[in-house]
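Chain residues, written in single-letter form:
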Amino acid sequence: GGKWGYNGPNGEHHWPKHFPYCGGAFQSPVNFQPELLRYDPNLFAIQLQNYNLSSREQLTLSNNGHSVQLSLPSYMQLTGLPHRYSAAQLHFHWGTQNVQAGSEHTVNGKQFAAEMHVVHFNSGKYPNISMAVDKSDGLAVLGVFIEVGEFNPAFEKFFKYVNGIKYRDQKVQVPAFNIRELLPSRLDEYYRYDGSLTTPPCFPSVLWTVFRQPVTISLRQYLALATALYSSHAQEVAPMPMLGNYRKPQLMDNRVVLVSFQD
Ligand SMILES: NS(=O)(=O)c1cc(-c2ccccc2)cc(-c2ccccc2)c1
Ligand SMILES: [Zn+2]
């Protein structure tokens, strides 16, 4: 598929020309409007398997031109969902250095500073992520809202390496750590709906679980994310800062967002 970006001639309003699903139904992200939420007593706490990775393991931290992503081993899994899902990668969406608003999902119109996505695929049904990515029951993504506040030692375990992946397609190996530490403490309170990849090709293949409770990173950590990275290759004459890499909320049509909490 063609080049795509977050603004200008390759921005999100142009995505459907090369990526037809982006103009289709069940698109993500969405705004969690209070009147569209429905409490579901059958939504239990998310169960994590093998999230506590050994520091003897190494993970690949890379700049894919649209985000910073951390590869994850497939033995890291989610259970307690309709299927068993294996981890593939995690990545981020953020705003700009001056406007700390870059989350993709919003809560009653409120946009958080950034958002982390932990991408899993239905390993109970598909042999690998490529076979799962375009199937309606193929993916499960955990969304975590990020606010600027307290310093976050867990994020620092890989944020400190971002200067090694400033440019597109650069990669570094980082020691693995407990990925559970990146998630909020409350895994029992979340929004749940059927949606899509928020980037091209926008396949409607994602079971979204967005935690209600945000995590915090410090202003210095946020600025490291928002100012260290470029979406262009190292040798390109005009470096393009990687900023505002978030898609705006999409139409709900007649979808309902289920919530695991009542108050
Ligand atoms: N935002 S997201 O969660 O819907 C998402 C999922 C996946 C994804 C990754 C592996 C398998 C399947 C889906 C890839 C991206 C992505 C972000 C930046 C640049 C390119 C791709 C984004
Ligand atoms: Zn994402």
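Quick caveat, the model's predicted, so the values are computed rather than measured.

Trainee: Quick one: what's the story with the layout of surface pockets, residue by residue and with numbers?
Mentor: Approximately 560 Å³ is the volume attributed to the largest pocket. Gln89, His91, Leu197, Thr199 and Pro200 are the residues nearest the centre of the largest pocket, which is lined by 24 residues in total. Put simply, the parts of the chain that give the lining of the largest pocket at least two residues each are β7 (85-94), β10 (114-122), α2 (129-132) and β11 (139-148). Here the element with the most residues in the lining of the largest pocket is β7; it accounts for 4 residues. For the lining of the largest pocket, a count of residues per class yields 12 nonpolar, 12 polar and no charged. Lining the second largest pocket are 20 residues, with Trp4, Gly5, Gly65, Ser231 and Met240 positioned closest to its centre. In terms of residue class, the lining of the second largest pocket is built from 7 nonpolar, 10 polar and 3 charged.

Trainee: Tell me what's going on with the coordination of the zinc ion (ligand 2), and back it up with residues and numbers.
Mentor: For the zinc ion (ligand 2), the full set of protein donor atoms is His91 (NE2), His93 (NE2) and His117 (ND1), and the range of their distances to it is 2.0 Å. Written as a sequence motif, the donor arrangement for the zinc ion (ligand 2) is H-x1-H-x23-H. With histidine 91 in strand β7 and histidine 117 in strand β10, this residue pair connects regions lying 26 residues apart in the sequence. Here histidine 91 falls in the buried class, since its relative accessible area comes to 12%. Note on histidine 117: relative accessible area 1%, which makes it buried.

Trainee: Outline unusual backbone geometry, supporting the account with residue identities and numerical values.
Mentor: For the bond running from serine 28 to proline 29, omega is 0°, close enough to zero to count as cis. Counting through the fold element by element, proline 29 comes out in the loop between α1 (15-18) and β1 (31-32). Residue proline 201 is reached from proline 200 by a cis peptide bond, and omega for that bond is 10°. Assignment of secondary structure puts proline 201 in the loop between β13 (190-195) and β14 (206-211). Backbone geometry places asparagine 50, a non-glycine residue, at a positive phi of 60°. Topologically, asparagine 50 is positioned in the loop between β3 (47-49) and β4 (58-63). The exposure class of asparagine 50 is partly exposed, given its relative accessible area of 46%.

Rules used throughout
Each chain carries its own residue numbering, running from 1 in the written order of its sequence. Each chain is given a letter, starting from A, and each ligand a number, starting from 1, according to the order in which they appear as written. In keeping with the predicted nature of the model, local features appear solely for residues at pLDDT of at least 70, side-chain atom pairs appear and are counted solely at 80 or more, and the whole-chain, interface and lining totals rest on all residues. Heavy atoms throughout the structure, all of them, feed into the side-chain values; hydrogens and water do not. Cavities and pockets were defined on a 1 Å grid built from protein atoms only: a cavity is a group of points that admits a 1.4 Å probe but offers it no way out, a pocket is an open group of points flanked by protein on both sides within 12 Å along at least five of seven lines, and a lining residue is one with an atom within 4 Å of any such point. Grid points are joined across faces, edges and corners, and a volume is the space filled by probe spheres set on the points. Here a helix means four or more residues in a row that DSSP labels H or I, a strand means two or more in a row labelled E, and each is numbered from the N terminus. Residue classes follow a fixed rule: Ala, Val, Leu, Ile, Met, Phe, Trp, Tyr, Cys and Pro count as nonpolar, while Asp, Glu, Lys and Arg count as charged, and any other residue, Gly among them, counts as polar. The donor definition counts N, O and S atoms within 2.8 Å of each metal and applies 3.2 Å to Na, K and Ca; water is not among these atoms, so some sites may look incomplete. For every residue, the accessible area (1.4 Å probe, protein chains only) is compared with the maximum for its type, and the residue is labelled buried under 20%, exposed over 50%, or partly exposed between those bounds.

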